[in-house]
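# A structural walkthrough
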Amino acid sequence: MPTASLLSLSADELAERVTALGGRAFHGRAARREVLERGVLDYAAMTSLPAALREALSHELPILAGRERLRTVASDRTTKLLVDFPGREGKDPVETVHIPPHDPASEKGATLCVSTQVGCPVGCPFCASGLAGLSRNLAAHEILEQFVLGRAVGPLGRAVVMGIGEPLLNLPALTEALDAVHDEMGMGARKVTVSTVGFPDRLRRAARSEPRFQLAISLHTADDAQRDELVPAMRGVPVEEVLAAGDDWFEVTGREVTYEVALLGGENDTPGHAERLARRLRGRRCTVNLIPWNPSPELPFARPRPGQPEAFREALAERGVVATVRWSRGLDGDAACGQLRHRHAGTA
Ligand code: SAH
Ligand code: SF4
């Protein structure tokens, strides 16, 4: 059974638990502050709490519910964590990736890539995360704990919600976690980017709920029929409707949208695809991220040919659409999206 942790309890539950252990209600808030503000992960080091309470808490209430099960570090220092939650050991680990800046001397801090679901129900055929469908939604504290564990690897500059899962299908938990990341860990809303396939109705609602994040929409193609294939859960939703929801986001929040295209060799990376995408996006205040596909042996796609991502970028630029090619980091450490979990699920 899932057990409680310091971060899984609501404010009232925490006050009650701490009082039952002989402390005062505010000690619970103080302990949470130690973890979220200062990154303290050991009750013994929480000197603002009475010694007897620290001792009791260390036996009765784990700080984090999650336990790091596996860590892989790539040659570029990208660190991937597989985290288990109690009651589910080995069954559905959660994946979090800590990507340090290219320049080790940089003080920018790392980018943390966070998951929102175990598995994914959207079923994009080029993505390993969705191979076995959805196992479950993560709870808010399970999302928040990824930030805490990631910061323990090294200082964070920003976060991208681009790990396993579709964020708009678990938005209440994600919102609760991001509120804590913003208010208690001190990471600004502009430092957090949420990537989604862009369900229009959900996006319009999210835009109106004071989102504390930047938006990236995984578009992949300007062609309706091809998008139906590449994003099966959105079959029948025309590309233009997704773009209209992106325009609405910009109008309501004042923040520009990034469109993402996973470049699949020979599928959506030709000059014709670039031209049609440019035609759709021209005149919109947005940027495009081109992500050359990360191979997964079990998936029937190919990386773009050398030079193709750059040619695609130039074809967009010539038509007035700003784009960047994002090469993946940490490939030798199982970095491709969803691969670590997929490879190690059920193997412990
Ligand atoms: N479900 C959300 C967020 C997680 S996926 C979404 O789809 O946006 C984050 C990004 O990684 C998406 O743009 C997705 O298309 C891309 N992606 C998934 N698998 C990939 C792969 N093997 N290679 C390159 N990009 C991939
Ligand atoms: Fe899910 Fe995103 Fe992977 Fe599609 S690309 S299966 S939406 S995680």
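Rules behind the numbers
Residues numbered from 1 in each chain as written. Chains lettered and ligands numbered in written order. Predicted model: local features only at pLDDT ≥ 70, side-chain atom pairs only at ≥ 80, totals over all residues. Heavy atoms only, no water. Near = heavy atom within 4 Å. Nonpolar A, V, L, I, M, F, W, Y, C, P; charged D, E, K, R; others polar. 1 Å grid on protein atoms, 1.4 Å probe; cavity = no way out; pocket = protein on both sides within 12 Å on 5 of 7 lines; lining within 4 Å. Points joined across faces, edges and corners; volume = space filled by probe spheres on them. Helix = DSSP H or I, 4+ residues; strand = E, 2+ residues; numbered from the N terminus. Domains from an automatic or database assignment. pLDDT = per-residue confidence, 0-100. Contact = heavy atoms within 4.5 Å. Polar contact = N/O pair within 3.5 Å; in protein donor to acceptor, adjacent residues only side chain to side chain. Areas by Shrake-Rupley, 256 points an atom, 1.4 Å probe, with all protein chains shown as cover. Core = buried A, V, L, I, M, F, W, Y, C linked by side-chain atoms within 4.5 Å. Buried < 20%, exposed > 50% of the residue type's maximum accessible area, 1.4 Å probe, protein only. Pairing = 2+ DSSP bridges. Axes fitted to C-alpha atoms, helices over the stretch in contact; angles between N-to-C directions. Left-handed = near helix turned anticlockwise from the far one by under 90°.

### Things to note about the site of ligand 2
With respect to spatial proximity, the complete set of residues near ligand 2 consists of C120, V122, G123, C124, C127, S129, G165 and V197. Each residue belonging to the shell around ligand 2 can be placed in one class, and the counts come to 5 nonpolar, 3 polar and no charged.

### Notes on the layout of surface pockets
Roughly 380 Å³ of internal volume is contained in the second largest pocket. At the level of secondary structure, the elements contributing two or more residues to the lining of the second largest pocket comprise α1 (11-20), α2 (25-36), α4 (140-153) and α5 (171-183). It is α5 that provides the largest number of residues to the lining of the second largest pocket, a total of 5 residues. Residue composition of the lining of the second largest pocket, grouped by class: 8 nonpolar, 3 polar and 7 charged. For the lining of the second largest pocket, the two domains that each supply at least three residues are domain 1 (6-60) and domain 2 (67-344).

### Focus on the confidence of the model for the chain
Model confidence for the chain is summarised by a mean pLDDT of 93, while 93% of its residues fall at 70 or above. Note that pLDDT drops below 50 for residues 340-348; the model gives that stretch 28 contacts with residues more than four away or on any other chain.

### Description of the site of ligand 1
The environment of ligand 1 is made up of 19 residues, and the closest members are G165, S195, S218, H220 and N294. Within the backbone of G165, an N or O atom sits 2.9 Å from a nitrogen atom of ligand 1. Within the side chain of W293, a nitrogen or oxygen atom sits 3.1 Å from a nitrogen atom of ligand 1. For ligand 1, the accessible surface in isolation is 530 Å², of which the surrounding protein chains cover 95%. Among the elements of the structure, β8 (192-196), β10 (257-263) and β11 (286-292) are those that each provide at least two residues to the shell around ligand 1. Of the residues contributing to the shell around ligand 1, the split by class is 10 nonpolar, 7 polar and 2 charged.

### Observations regarding the nonpolar core
Among the nonpolar cores identified, the biggest contains 94 residues, and F147, Y259, V288, L290 and L316 are the most heavily contacted of them. When residues of this core are assigned to their parent elements, the largest contribution, 7 residues, is made by α5. Here this core gathers at least three residues from each of two domains, domain 1 (6-60) and domain 2 (67-344). If sequence neighbours within four positions are ignored, F147 has contacts with L112, V114, L156, A159, L178, V181, M185 and M187.

### Some remarks on the pairing of strand β1 (residues 67-73)
When β1 meets strand β2 (residues 79-84), the two strands line up antiparallel, connected through 6 bridges. Each bridged residue has a counterpart across the sheet, and for L70 the counterpart in β2 is L82. Between β1 and β2, which follow one another and run antiparallel, lie 5 residues, and R77 among them has a positive phi close to 75°.

### Remarks on the packing of helix α9 (residues 271-281) against helix α10 (residues 308-318)
Close contact between α9 and α10 brings their axes to 9 Å; oriented N to C, the two are set at 35°. Between α9 and α10 the crossing geometry is right-handed. Each of P271, H273, A274, L277 and A278 in α9 lies in contact with α10, whose residues at this interface are Q308, F312, A315 and L316. Among the residues forming the contact of α9 with α10, the class breakdown is 7 nonpolar, 2 polar and no charged.

### Let's talk about the environment of V18
Relative to the helices and strands, V18 is located in helix α1. A relative accessible area of 1% places V18 in the buried class. Those residues in contact with V18 that lie beyond four places of it in its chain are G23, R24, H27, G28, L53 and L57.

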